[in-house]
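What follows is each chain in one-letter form.
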Amino acid sequence: MRKRIVAGNWKMNKTYDDAIALVSEVVNMVKDEVTGQTEVVLCPPSVFLTTLKQYLPAGGRISLGAQNCHEKASGAYTGEISASMLQSIGVNYVILGHSERRQYFNESNAQLAEKVDAALANGLTPIFCCGESLEMREGGDYVGFVKEQLTQSLFHLTPEQFASIVIAYEPIWAIGTGLTASSQQAQDMHLALRQHLASQYGEEVAQNTSILYGGSANAQNAAELFAQPDVDGGLIGGASLKSRDFTTVVKANN
């Protein structure tokens, strides 16, 4: 039975006081309203991680995630954060390969493979992002393109290592554009990715891998998206910045 997950990627948003208010609201709403087994992962800006950890109930359904980590263990990399630093403050998850990191910071599949290795070596669960642009969706082999992202960044892992990976499919054309993939489009890609995993690691590993949808899921469309058989939750952007909207999305995944 694969894990159902809703992760909130706050990106570069919220001040210190705003972040405390938001996490407090989410914790209380989830405690009071959410049944079922969905795990919630909050991924705030890194400067807030230590503070917000104190607001999460110990042993509860809410975990802490980071938005990125560096591939090196330590060194002269000004402004960067290592996987061991994240592990040392109680972070459980780390988002890797988000389309914005690929686009704005030129992260390659090879570099992301190193980041995945660093995260796993420090006991972090990578939420590995993959997805295609609008141009690729309209004019290219977009399924093959996304499969290749997995192949180049993840398929060096052993089956035991891969068991710690969470995939997030994010159609880049549906992030911050107001567009959203239909539930059938999401299901078709998730199924294709699961079949790709099975070709490398076997059916059992593929069926146990959580694949999240990361393309502008919100309080209005989450239930339909999450009802698809190969959609195991979501990596939520804008809707994670409002406690009511985010809690509604979490509830939709049960």
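If you're wondering where the values come from, they're calculated on a predicted model, not measured in any experiment.

**Q** Sorry, what's going on with the overall build of the chain here?
**A** The secondary structure content of the chain amounts to 12 helices and eight strands. Relative to the 2.2 N^0.38 estimate, which gives 18 Å for 254 residues, the radius of gyration of the chain is 17 Å and therefore close to what a compact globule would have. Counting across all 254 residues of the chain, residues that qualify as buried make up 52%. In the chain, once contacts between residues fewer than 6 apart in sequence are set aside, the share between residues at least 24 apart is 72%. Of the roughly 11,200 Å² that the chain leaves accessible, carbon and sulfur atoms contribute 50%. Taking the average location of the 18 positive side-chain charges in the chain and that of its 26 negative ones, the two points are 5 Å from each other.

**Q** Looking at this structure, I do not really get the packing of aromatic side chains. What am I missing?
**A** In this description, a pair of aromatic rings is defined by centroid distance and the angle of the planes. Enumeration according to the criterion identifies four aromatic pairs in this entry. By the ring-pair criterion, three or more aromatic residues cluster together here, those being F155, F162 and Y201. Sitting over the face of the ring of F105, R101 holds its NZ or CZ atom 3.9 Å from the ring centroid. A cation over an aromatic ring shows up here: R137 above the ring of Y142, its NZ or CZ 4.0 Å from the ring centre.

**Q** Explain the packing of helix α7 (residues 142-154) against helix α9 (residues 183-201) to me, please; I cannot follow it from the model alone.
**A** Between two packed helices, both the angle of their axes relative to each other and the distance between the axes serve to describe the pair. Close contact between α7 and α9 brings their axes to 10 Å; oriented N to C, the two are set at 40°. As summarised for this structure, α7 and α9 are arranged oblique, according to the angle between their axes. As for how α7 packs across α9, the hand of that crossing is right-handed. Judged by residue contacts, Y142, V143, V146, K147, L150, T151 and L154 of α7 engage M189, A192, L193, H196, L197 and Y201 from α9. Residue composition of the contact of α7 with α9, grouped by class: 10 nonpolar, two polar and one charged.

**Q** Teacher, can you tell me more about unusual backbone geometry here?
**A** Note on backbone geometry: most residues besides glycine have negative phi, and most peptide bonds are trans. Positive phi is not limited to glycine here, since N106 has a value of about 55°. Considering the arrangement of structural elements, one finds N106 in the loop between α4 (99-105) and α5 (109-121). The backbone of S216 sits at a positive phi, close to 60°, despite the residue not being glycine. In this structure, S216 sits in the loop between β7 (211-213) and α11 (222-226). Note on S216: relative accessible area 27%, which makes it partly exposed.

**Q** Help me out: how do you make sense of the environment of F246 in this one?
**A** Among the structural elements, F246 can be located in helix α12 (residues 243-252). The exposure class of F246 is buried, given its relative accessible area of 1%. Separated by 114 residues in sequence, F246 and E132 have C-alpha atoms that sit 25 Å apart. Here F246 is in contact with V6, A7, G8, V26, V40, L42, I236, A239 and S240, once residues within four sequence places are set aside.

**Q** Can you help me understand the nonpolar core in this one?
**A** A general trend in soluble globular proteins is that nonpolar side chains are found buried together. In terms of nonpolar packing, the biggest core is built from 66 residues, with F128, L150, L154, I165 and Y213 touching the most fellow members. With seven residues, the single largest contributor to this core is helix α1 (residues 16-33). The next biggest cluster of nonpolar side chains, apart from the first, holds 12 residues, and it includes V41, I127, L212 and L235.

The rules we used
Residues numbered from 1 in each chain as written. Predicted model: local features only at pLDDT ≥ 70, side-chain atom pairs only at ≥ 80, totals over all residues. Heavy atoms only, no water. Helix = DSSP H or I, 4+ residues; strand = E, 2+ residues; numbered from the N terminus. Rg over C-alpha atoms; globule rule 2.2 N^0.38 Å. Buried < 20%, exposed > 50% of the residue type's maximum accessible area, 1.4 Å probe, protein only. Contact = heavy atoms within 4.5 Å. Areas by Shrake-Rupley, 256 points an atom, 1.4 Å probe, with all protein chains shown as cover. Lys, Arg positive; Asp, Glu negative; His and termini not counted. Charge placed at Lys NZ, Arg CZ, Asp CG, Glu CD. Phe/Tyr/Trp six-rings, centres within 6.5 Å; stacked < 30°, edge-to-face > 60°. Lys NZ or Arg CZ within 6 Å of the ring centre and 35° of its normal. Axes fitted to C-alpha atoms, helices over the stretch in contact; angles between N-to-C directions. Parallel < 35°, antiparallel > 145°, perpendicular 65-115°, else oblique. Left-handed = near helix turned anticlockwise from the far one by under 90°. Nonpolar A, V, L, I, M, F, W, Y, C, P; charged D, E, K, R; others polar. Core = buried A, V, L, I, M, F, W, Y, C linked by side-chain atoms within 4.5 Å.

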